[in-house]
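Coordinate inspection notes
Given next are the chains, with one letter for each unit.
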Amino acid sequence: MQIVEKESWPRREVYEFFAGMSHPFYALTFPVDVTPLRAWCKEQGLSFYAAMVYGVTKAMERADAFLYKDRGGQIVKVDRLVPSFTDLHPGSEQFHIVTLEAGDDLADFCRRARAKSAAQTAFISESGPWAPDELVYFSCLPWFPLTAATNERDADPSDSIPRVTWGRWEERDGRTLLSLSLELNHRLLDGAHVGRFYAELNAWLQTL
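Bear in mind that the values here come from a model prediction, so they are computed numbers and not experimental data.

Turning next to the overall build of the protein. Of the regular secondary structure elements, the protein holds 5 helices and 11 strands. The C-alpha atoms of the protein give 17 Å as radius of gyration, which agrees with the globular expectation for 208 residues (17 Å, within 12%). Dimensions of the protein, computed from the C-alpha atoms along their principal axes, are close to 50 × 40 × 30 Å. Looking at the 208 residues of the protein, the share that counts as buried comes to 49%. Taking the contacts inside the protein whose residues are at least 6 apart along the sequence as the reference set, 70% of them involve residues at least 24 apart. Per element, the accessible surface of the protein, about 10,500 Å² overall, is 53% carbon and sulfur. Each charge class in the protein can be summarised by its mean position, and for the 22 positive and 29 negative side chains these summaries are 3 Å apart.

And the structure:
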């Protein structure tokens, strides 16, 4: 972790503008072509959901701005992000929340995520060797296509945890498209940073 000297931080003026707002959050949704990821998961016999969680987490890590966190006015830059995602046991309508480090291997993460989710009996499991604001919150609504989403939160304008949501994919002209929704804190992240994330995610998808 690195403490950011706010006086010399290039984003200081923008941060202070949004720091004066009680609700500095915004949400946006955009389509992602996940055709190669879906094919890879089918070939490997692994979960598309877990693979997408991994890919989004790693793309955010590579989009440098997502590593900056607001800790009550002090700005820090963390070294990694940790996915925390909702899941369902087979036959259940009651979701639970699973949290584990992404690591550096997609297939390994998918296997670890499946094993941890299957073994988990508590509603939530988020304690571990990470700071709370290192988390990325994920939700999936696979029953219908998603066009927009917002998430519940405490009234804390310093909340630096990205919320990521998607629904059911859609087939269009032989491609698989997934609408990806992000909810972010404008104190730290602008549209240009989302654009960098989008480019990193697409670049990763093309490596599969």
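Turning to the pairing of strand β3 (residues 68-71), a few remarks are in order. Taken together, the 4 bridges between β3 and strand β4 (residues 74-77) define a ladder with antiparallel strand orientation. Note that in β4 the partner of R71 across the bridge is Q74. Linking β3 to β4, which pair antiparallel, is a turn of 2 residues; within it G72 sits at a positive phi near 60°.

Within this model, the largest pocket holds a volume of roughly 670 Å³. Along the wall of the largest pocket there are 28 residues; nearest its centre are Y49, T86, D87, L88 and C140. Sorting the residues of the lining of the largest pocket by element identifies α3 (48-62), β5 (82-88), α4 (106-119), β8 (135-141) and β9 (163-167) as the ones contributing at least two each. With 5 residues, α4 is the largest single contributor of residues to the lining of the largest pocket. The class makeup of the residues in the lining of the largest pocket is 18 nonpolar, 7 polar and 3 charged.

Next up on the list: the pattern of salt bridges. The final tally for this structure, using the stated rule, is 18 salt bridges. K77 is paired through a salt bridge with D64; the nearest N and O atoms lie 2.7 Å apart. Separated by 13 residues along the polypeptide, K77 in strand β4 and D64 in the loop between α3 and β3 bring together distant segments of the chain.

Take the packing of aromatic side chains next. Taken as a whole and assessed by the stated rule, the structure comprises 12 aromatic pairs. With centroids separated by 5.8 Å and ring planes inclined at 85°, the aromatic side chains of Y49 and F85 adopt a geometry described as edge-to-face. With Y49 in helix α3 and F85 in strand β5, this residue pair connects regions lying 36 residues apart in the sequence. F85 matches Y49 in its accessibility class, with the two residues each being buried. Between Y49 and W166, the ring centres sit 5.8 Å apart and the planes meet at 75°, which makes this aromatic pair edge-to-face. Of the two residues, Y49 is situated in helix α3 and W166 in strand β9; the sequence distance between them amounts to 117 residues. Accessibility expressed as a relative area gives 14% for Y49, which makes it buried. Exposure remark for W166: the relative accessible area of 1% places this residue in the buried category.

Once that is clear, we can look at the state of the cysteines. Every disulfide links exactly two cysteines, by a covalent bond between their sulfur atoms. Taken as a whole and assessed by the stated rule, the structure comprises 0 disulfides. Considering cysteine sulfurs only, C41 is the nearest to C110, which forms no disulfide, with 5.8 Å between them. Under the relative-accessibility criterion, C110 is labelled buried at 3%. This cysteine, C140, is not joined by any disulfide, and C41 carries the nearest cysteine sulfur, 12 Å off.

The biggest cluster of nonpolar side chains holds 55 residues, and the ones touching the most others in it are M52, V56, W166, L180, F197 and L201. Among the elements that line this core, the one with the most residues is α3, at 10 residues. Ignoring anything within four residues of it in the chain, the contact list for L180 reads L28, T29, F30, V32, M52, V56, V164, T165, W166, F197 and L201.

Procedures and definitions
Residues numbered from 1 in each chain as written. Predicted model: local features only at pLDDT ≥ 70, side-chain atom pairs only at ≥ 80, totals over all residues. Heavy atoms only, no water. Helix = DSSP H or I, 4+ residues; strand = E, 2+ residues; numbered from the N terminus. Rg over C-alpha atoms; globule rule 2.2 N^0.38 Å. Buried < 20%, exposed > 50% of the residue type's maximum accessible area, 1.4 Å probe, protein only. Contact = heavy atoms within 4.5 Å. Areas by Shrake-Rupley, 256 points an atom, 1.4 Å probe, with all protein chains shown as cover. Lys, Arg positive; Asp, Glu negative; His and termini not counted. Charge placed at Lys NZ, Arg CZ, Asp CG, Glu CD. Pairing = 2+ DSSP bridges. 1 Å grid on protein atoms, 1.4 Å probe; cavity = no way out; pocket = protein on both sides within 12 Å on 5 of 7 lines; lining within 4 Å. Points joined across faces, edges and corners; volume = space filled by probe spheres on them. Nonpolar A, V, L, I, M, F, W, Y, C, P; charged D, E, K, R; others polar. Salt bridge = Lys/Arg side-chain N within 4 Å of Asp/Glu carboxyl O. Phe/Tyr/Trp six-rings, centres within 6.5 Å; stacked < 30°, edge-to-face > 60°. Disulfide = S-S within 2.5 Å. Core = buried A, V, L, I, M, F, W, Y, C linked by side-chain atoms within 4.5 Å.

The values reported here are purely geometric and, on their own, carry no functional implication.
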